[in-house]
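Structural characterization, general
Read off the chains here:
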Amino acid sequence: VLMKRFEYQITNYPAQSYQELIFICSNTGECKPDRVLADQTQVLSEQLNQQGQDGWELAQLTFGQQGIVAFWKREQKE
């Protein structure tokens, strides 16, 4: 039985790309989006969809003071 093989990619989306994306960060450094305007979610959706069209599956999305980091995976072709 052959096991599936995956490749991974990490992409950064700098906070400067989002005019009205507000991050709330705790003292421990944990960040989350507090308020995201509709047009800004559209920007993020377009960026994520672009990766999806190339066959990448979003594994995780994290928010930080510097912006958003996306972790992607896709099955390797044989």
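What comes next is a walk through the structure. Bear in mind the structure is a predicted one, so any value in this text is a computation, not a measurement.

1. Quick look at the overall build of the protein chain
Each helix and strand in the protein chain was counted, giving 1 helix and 5 strands. Overall, the protein chain shows an N-to-C arrangement of helices and strands of β-β-β-α-β-β. Counting every position in the protein chain, which comprises 78 residues, the buried fraction comes to 21%. Nonlocal contacts in the protein chain, meaning residues at least 24 apart in sequence, comprise 57% of its contacts between residues at least 6 apart. As presented, the protein chain carries roughly 6100 Å² of accessible surface, and 47% of it is formed by carbon and sulfur atoms.

2. Concerning the packing of aromatic side chains
On inspection of all chains with the given rule, the structure shows 0 aromatic pairs. The ring centre of Phe6 lies 4.4 Å from the NZ or CZ of Lys73, which sits over that ring.

Conventions we followed
- Residues numbered from 1 in each chain as written.
- Predicted model: local features only at pLDDT ≥ 70, side-chain atom pairs only at ≥ 80, totals over all residues.
- Heavy atoms only, no water.
- Helix = DSSP H or I, 4+ residues; strand = E, 2+ residues; numbered from the N terminus.
- Buried < 20%, exposed > 50% of the residue type's maximum accessible area, 1.4 Å probe, protein only.
- Contact = heavy atoms within 4.5 Å.
- Areas by Shrake-Rupley, 256 points an atom, 1.4 Å probe, with all protein chains shown as cover.
- Phe/Tyr/Trp six-rings, centres within 6.5 Å; stacked < 30°, edge-to-face > 60°.
- Lys NZ or Arg CZ within 6 Å of the ring centre and 35° of its normal.

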